[in-house]
Amino acid sequence: MEKYELKTNNAEETINVAERLANLLDAGSVITLEGDLGAGKTTFTKGLARGLGISRTLSSPTFTIVKEYDGRLPLYHMDVYRLEGSDEDIGFEEYFNGNGISVVEWAQYIEDFLPSERLTIIINYLDEDSRLLTFEPTGSRYQDIVEALVG
Ligand code: ADP
Ligand code: MG
């Protein structure tokens, strides 16, 4: 599996990358985000929302686990941090196979529920304003998307 890296030097740059990615996605796309607290997972998701033409302010769904937004396509924003160590299924398959775009923060905590084809993005903190984004696509559809974005 090929990996692609991209460095951003401030939050706005991360938002811009995500906004461009949003324009390459279609119904049923699954994006999984990994990275420590404060890495930029929610910031990245804000860029996806912008790219989908969502005007509502996006806030972290930590306590509700999932929030839905209406845009060019629906956005299903999940933060599964609270599900660490549990095997609770909140109906993941319906989101992943739905008509929208699923974005999952802390996706490593629900590994068993994730579709095998997806775009994993790992965000690493470099310093206060810069981050390393590593794109790990599985499946040719996501491979093509990442190549269009980064390649
Ligand atoms: P997470 O959801 O991973 O916990 P957040 O997106 O909520 O992280 O927070 C990331 C914080 O880091 C925000 O305050 C954002 O403004 C800041 N930040 C600074 N530089 C960057 C960057 N290059 N990319 C993303 N976020 C950045
Ligand atoms: Mg977050």
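Calculation criteria
All residue numbers refer to positions counted from 1 along the written sequence of the respective chain. Note on labels: chains are lettered from A, ligands numbered from 1, in written order. Owing to the predicted nature of the model, reporting of local features is limited to residues with pLDDT of at least 70; listing and counting of side-chain atom pairs is limited to 80 or more, with chain, interface and lining totals taken over all residues. Side-chain descriptors were evaluated using all non-hydrogen atoms of the structure, hydrogens and water having been removed beforehand. Cavity: a set of points on a 1 Å grid over the protein atoms alone where a 1.4 Å probe fits but cannot get out. Pocket: an open set with protein on both sides within 12 Å along at least five of seven lines, its lining residues, like those of a cavity, having an atom within 4 Å of a point. Grid points are joined across faces, edges and corners, and a volume is the space filled by probe spheres set on the points. Numbering of helices and strands runs from the N terminus, with a helix taken as a DSSP run of H or I at least four residues long and a strand as a DSSP run of E at least two residues long. Three categories are distinguished: nonpolar for Ala, Val, Leu, Ile, Met, Phe, Trp, Tyr, Cys and Pro, charged for Asp, Glu, Lys and Arg, and polar for the others, with Gly belonging to the last. Strands are labelled as partners when DSSP assigns at least two bridges between them. Any two residues whose heavy atoms approach within 4.5 Å at even a single point are treated as in contact. Any Phe, Tyr or Trp ring, taking Trp's six-membered ring, that has another such ring centre within 6.5 Å forms a pair; planes under 30 degrees apart are called stacked, those over 60 apart edge-to-face, and the others tilted. Geometrically, a lysine NZ or arginine CZ counts as sitting over a ring once it is within 6 Å of the ring centre and also within 35 degrees of the ring normal. Only protein chains enter the accessibility calculation, which uses a 1.4 Å probe. A residue is then buried if its area is under 20% of the maximum for its type, exposed if over 50%, and partly exposed in between. In this description, the arc belongs to the directions extending from the helix axis to the C-beta atoms. Being near a molecule or strand, for a residue, means having at least one of its heavy atoms within 4 Å of it. Within 3.5 Å is the distance limit for a polar contact, defined as a pair of N or O atoms, with the added protein rule that one can donate a hydrogen and the other accept it, and that residues adjacent in sequence qualify only through two side-chain atoms. Occupancy of a cavity or pocket is assigned to a molecule whenever over half of its atoms lie within 2 Å of that pocket's grid points.

A. Spotlight on the layout of surface pockets. The volume enclosed by the largest pocket comes to roughly 290 Å³. Along the walls of the largest pocket sit 20 residues, with Gly 38, Ala 39, Gly 40, Lys 41 and Thr 43 positioned nearest its centre. Those elements giving two or more residues to the lining of the largest pocket turn out to be α1 (11–22) and α2 (41–51). Considering every element that reaches the lining of the largest pocket, the biggest residue donor is α2, with 3 residues. A breakdown of the residues in the lining of the largest pocket according to their chemical character gives 6 nonpolar, 8 polar and 6 charged.

B. View of the pairing of strand β3 (residues 66–69). As defined by bridge partners, β3 adjoins strand β4 (residues 75–79) across 4 bridges and the pair is classed as antiparallel. The partner of Tyr 69 across the bridge, within β4, is Leu 75. Counted between consecutive antiparallel strands, the loop separating β3 from β4 contains 5 residues.

C. Looking closely at the side chain of Arg 131. Here Arg 131 shows up in strand β7 (residues 130–138). Setting aside anything within four residues of it in sequence, one finds Arg 131 in contact with Leu 6, Lys 7, Thr 8, Gly 38, Ala 39, Ile 123, Asn 124, Tyr 125 and Leu 126.

D. Examining the packing of aromatic side chains more closely. In total, this model carries 6 aromatic pairs according to the counting rule given. Where Tyr 81 meets Trp 106, the ring centres are 4.8 Å apart and the plane angle is 55°; that geometry is what we call tilted. In this pair, Tyr 81 sits in the loop between β4 and α3 (92–96) while Trp 106 sits in the loop between β5 (101–105) and β6 (118–127), placing the two residues 25 residues apart along the sequence. Each ring, one from Trp 106 and one from Tyr 109, has its centre 5.7 Å from the other, and the planes form 10°; the classification is stacked. Ring pairs connect the aromatic residues Tyr 81, Trp 106 and Tyr 109, which therefore count as one cluster. Here the basic side chain of Lys 41 rests over the ring of Trp 106, its NZ or CZ set 4.3 Å away from the ring centre.

E. Quick peek at helix α4 (residues 140–149). All buried positions along α4 are accounted for by Tyr 142, Ile 145, Val 146 and Leu 149. On an axial view of α4, the arc spanned by its buried residues comes to 95°, and they lie on one face. For α4, exposure combined with an orientation more than 90 degrees from the buried face picks out Ser 140, Asp 144 and Ala 148. Residues of α4 that are buried sit in contact with β1 (4–8), α1, β2 (30–34), β6 and β7.

F. Quick peek at the site of ligand 1. If you check the shell around ligand 1, you find 16 residues, and the closest are Thr 14, Gly 38, Lys 41, Thr 42 and Thr 43. One nitrogen or oxygen atom from the side chain of Lys 41 is found 2.7 Å from an oxygen atom belonging to ligand 1. Glu 128 places a polar main-chain atom, nitrogen or oxygen, 3.5 Å from a nitrogen atom of ligand 1. Of all the cavities here, the one that holds ligand 1 is the largest pocket. Counting only elements with at least two residues in the shell around ligand 1, the list comes to α1 and α2. Broken down by element, the residue count for the shell around ligand 1 peaks at 3 residues, all from α2.

Functional significance is not addressed by these values, which are geometric in nature.
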